[in-house]
Amino acid sequence: MRPGIAFVVVMGLVASATVATAEPVASRRDQLRDMVAQDCGSCHGMTRKGGLGSPLLPELLAQYPAEGLIETILDGRPGTPMPPWKSMLSRDDAAWMVAYLLGEVK
Ligand code: HEC
């Protein structure tokens, strides 16, 4: 384990004290941003304006309950190309990703 990682974890918990779910640590947030651009972007577009997948723009997503978006990311949409991501993403990861897509976190 890298020295300092415990510090990062502690700071992550402090920073997330005001939100309902535990915010992923900074290094994980970097990975999630990359995933949104590359993995999700391959279908939803690098700029999330849509492609094979629907656009994932904040003004469109804001009309759905966040919980439903989290479920869609974790379980996918059976019968559509939207795959389930729960083998790669925890619920906290998916919740953070939804906040990121909504523009609530950077
Ligand atoms: C293989 C293509 C593909 C990939 C990769 C993909 N999606 Fe999707 N996604 C889709 C499609 C197609 C839909 C629309 C499903 C439908 O018709 O209801 C969708 C729907 C969604 C929705 C619901 C949006 C709405 O308007 O109903 C969300 C949220 C979403 N995807 C997030 C993601 C995220 C986050 C990732 C990356 C972790 C991702 N998707 C990766 C194809 C993909």
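Residues numbered from 1 in each chain as written. Predicted model: local features only at pLDDT ≥ 70, side-chain atom pairs only at ≥ 80, totals over all residues. Heavy atoms only, no water.

A.B. asks: For the overall build of the chain, give the residues involved together with the corresponding values.
C.D. replies: Each helix and strand in the chain was counted, giving five helices and zero strands. The secondary structure elements of the chain, listed N-terminal to C-terminal, are α-α-α-α-α. Here the chain holds 106 residues, and 30% of them are scored as buried. When contacts within the chain are restricted to residue pairs at least 6 apart in sequence, long-range pairs at least 24 apart make up 45% of them. In the form shown here, the chain has an accessible surface area of approximately 6,700 Å², with 63% of it arising from carbon and sulfur atoms. (Helix = DSSP H or I, 4+ residues; strand = E, 2+ residues; numbered from the N terminus. Buried < 20%, exposed > 50% of the residue type's maximum accessible area, 1.4 Å probe, protein only. Contact = heavy atoms within 4.5 Å. Areas by Shrake-Rupley, 256 points an atom, 1.4 Å probe, with all protein chains shown as cover.)

A.B. asks: Outline the confidence of the model for the chain, supporting the account with residue identities and numerical values.
C.D. replies: Mean pLDDT over the chain stands at 88; residues scoring 70 or higher make up 81%. For residues 7-19, every residue scores under 50 in pLDDT, and the model assigns this stretch eight contacts once sequence neighbours within four places are set aside. (pLDDT = per-residue confidence, 0-100.)

A.B. asks: Which residues make up helix 5 (residues 91-101), and what values go with them?
C.D. replies: Along helix 5, nine of the 11 residues are buried, which leaves the element largely enclosed by surrounding structure. The set of residues buried in helix 5 consists of Asp93, Ala94, Ala95, Trp96, Met97, Val98, Ala99, Tyr100 and Leu101. Residue Gly103 follows helix 5 closely and has a positive phi angle near 80°.

A.B. asks: Got a sec to walk through the coordination of the iron atom of the ligand? Specific residues and values, please.
C.D. replies: Ligation of the iron atom of the ligand by protein atoms is provided by His44 (NE2) and Met82 (SD), these donors lying 2.0 to 2.2 Å from the ion. What the six donor atoms of the iron atom of the ligand show is an angle range of 87 to 179° at the metal, which sorts the shape as octahedral. Taken together, the positions of His44 in helix 2 (residues 26-44) and Met82 in the loop between helix 4 (66-75) and helix 5 put the pair 38 residues apart, joining distant regions of the chain. (Donors = N, O, S within 2.8 Å, 3.2 Å for Na, K, Ca; no water. Tetrahedral: all angles 85-135°; square planar, octahedral: opposite > 155°, others 65-115°.)

A.B. asks: Mind laying out the nonpolar core, listing which residues take part and the relevant values?
C.D. replies: With 19 residues, the main nonpolar core has Leu32, Met35, Val36, Ile70, Ile73, Leu89 and Met97 as its most contacted residues. When residues of this core are traced back to their parent elements, those giving at least two are helix 2, helix 4 and helix 5. With near-sequence residues (within four places) excluded, Met35 lies in contact with Cys40, Gly41, Trp85, Met88, Leu89 and Met97. (Core = buried A, V, L, I, M, F, W, Y, C linked by side-chain atoms within 4.5 Å.)

A.B. asks: Outline the packing of helix 2 against helix 5, listing residues and values.
C.D. replies: Running from N to C, helix 2 and helix 5 point in directions that differ by 60°, and their axes come no closer than 11 Å. By the angle class used here, helix 2 and helix 5 are oblique. For the crossing formed where helix 2 meets helix 5, the hand is right-handed. On helix 5, the residues that touch Arg28, Arg29, Leu32, Arg33, Met35 and Val36 of helix 2 are Asp93, Trp96, Met97, Tyr100 and Leu101. Of the residues in the contact of helix 2 with helix 5, the class split is seven nonpolar, no polar and four charged. (Axes fitted to C-alpha atoms, helices over the stretch in contact; angles between N-to-C directions. Parallel < 35°, antiparallel > 145°, perpendicular 65-115°, else oblique. Left-handed = near helix turned anticlockwise from the far one by under 90°. Nonpolar A, V, L, I, M, F, W, Y, C, P; charged D, E, K, R; others polar.)

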